Each structure stands twice: as C-alpha cells, then as structure tokens.
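Residue strings, one per chain:
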Amino acid sequence: MMTGLAAVAFTAFSLAALSGCAATGPKSAPPHGAGAGKMQFAILMYERGDAWYRLPPARKDILLKQYGLWVRGLKEQGVLREGNPLGRGGVVIAPDANGTPDAEPLDPNDTQRTGYFIIEVSSVTEAERIAASCPALPHGEVVHLRPVGHTN
C-alpha cells in the first residue's frame, strides 16, 4: 500500500537485509540494456482505494519493517537504482472534446499507482524474482514489472 506505506516505507531504506526472493512469474520481453549485460526494469505498485489506511497500526508497523528489509537487501545486492512513493491525490490530464488538455481529479476509490522502484539486473528472470518478492503483494497490492526504455 504505497499511499501511506510507501511514504513511510521508503524512508525506512536503512533497515536490515533482504532474506530471499519469491518464485518467478511469466516471462517478458527484454528491455534495452542499461550497463554491460544489465537491463533496467520498473516495479510499479498499485492499490485500490485507501486500503493502507484501513489496516490496524500493528499490521502497518510489520509491513513497514518488511519494506525496509526488502529495500535494504536490494541496495546491498547493488540492483536498486531508485524508488519513490507517489503521494495521494493528483489529476488526470486528457484532451477534452476539442482537443484541449483538461485536468480532472483522480478518483481516490479507483486503482492508484502508489510508488515505483527502478532495478538494474542481468536477466528478466532476476527482475521477475525480485518483483515477486515485493512486500506490496502480501497485503493486497498489485505489482507490474515493466522494462525501462523502448523494446520495439
């Protein structure tokens, strides 16, 4: 739940190491390389509504520690390039009937992107393993793994 969780979880980057990664998911097309033999991927986290705010405080504390451990482990492995929570609110900007950009508030009850990580790894399999271990998954968020850059 990145709305509330990430705002605090990303500040917990200094907690202890990652204990392991989960199984892999479906295979994706490889992105353009970032460094020699390396590829960058975005791990995008989504939640529906304000699920984070409905969790009991004790559960939030546990999840924040899990995020901290996970982020610390990614840093220690040298694969984390950046990550940030995305704040609540915002607007959707789309052309109106005349083609003029128009801003509408985001629906807080709709699915919202809550944060992201950019990782740099040697294989799609490694990226999928890392994304599948994201602490957002056990508490109901959905995680997308996308290659960074154009893949044709």
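Residues take numbers from 1 onward in each chain, read along the sequence in its written order. In keeping with the model being predicted, local features are shown solely for residues with a pLDDT of at least 70 and side-chain atom pairs are shown and tallied solely at 80 or more, while totals for entire chains, interfaces and linings include all residues. Note: side-chain values were computed over all heavy atoms of the structure, leaving out hydrogens and water.

## Focus: the sheet that holds strand β1 (residues 39–48)
Filter applied, for reference: Any two strands are treated as partners once DSSP identifies two or more bridges connecting them. The numbering of helices and of strands both runs from the N terminus, where a helix is a DSSP run of H or I of at least 4 residues and a strand a run of E of at least 2. Angles run from 0 to 180 degrees between N-to-C directions of axes, and those axes are lines fitted to C-alpha atoms, restricted for helices to the stretch in contact.
Judged by pairing direction, the sheet is antiparallel, and its four strands sit side by side in the order β2-β5-β1-β6 without closing on themselves. Looking at the sheet topology across the chains shown, the edges are occupied by β2 (80–85) and β6 (142–147). Ignoring strand direction, the axes of neighbouring strands in this sheet form an average angle of 20 degrees.

## Re the pattern of salt bridges
Selection criterion: The term salt bridge refers to a side-chain nitrogen of Lys or Arg lying within 4 Å of a carboxyl oxygen of Asp or Glu. Only protein chains enter the area calculation, which uses a 1.4 Å probe; residues under 20% of their type maximum are buried, those over 50% are exposed, and those in between are partly exposed.
This model, assessed by the stated rule, comprises three salt bridges. We note a salt bridge from E120 to R81, for which the minimum N-O separation is 3.6 Å. Here E120, found in strand β5 (residues 111–121), pairs with R81, found in strand β2; they are 39 residues apart in sequence, far enough to count as distant. Its relative accessible area of 41% is what places R81 among the partly exposed residues.

## What to know about the confidence of the model for the protein
The line we're drawing: Confidence of the prediction at every residue is given by pLDDT, a number between 0 and 100. Should any heavy atoms of two residues lie within 4.5 Å, those residues are counted as being in contact.
With 75% of its residues at a pLDDT of 70 or more, the protein has an overall mean of 78. Confidence drops under a pLDDT of 50 for residues 1–33, and excluding neighbours within four residues, the segment shows 109 contacts in the predicted structure.

## Remarks on the pairing of β5
Within β5, nine of the eleven residues are buried, which leaves it mostly tucked inside the rest of the structure. Note that β1 and β5 share ten bridges and pair antiparallel. Of the residues in β5, the one forming a bridge with L44 is Y116. In the sheet, β2 pairs with β5 via five bridges, with the strands oriented antiparallel. Across the sheet, N84 pairs through a bridge with Y116, a residue of β5.

## Considerations on helix α3 (residues 57–77)
As a reminder of what qualifies: Here the expected span of a helix is defined as 1.5 Å times the quantity of residues minus one.
Taking 1.5 Å of rise per residue, the 21 residues of α3 would be expected to cover 30 Å, and the 30 Å separating its terminal C-alpha atoms lies within 8% of that figure. Of the residues making up α3, those classed as buried are K60, L63, L64, Y67, G68, W70, V71, G73 and L74.

## Quick word on helix α4 (residues 124–132)
Of the residues making up α4, those classed as buried are V124, E126, A127, E128, I130 and A131. In this structure, the buried side of α4 is in contact with β1, α3, β5 and β6.

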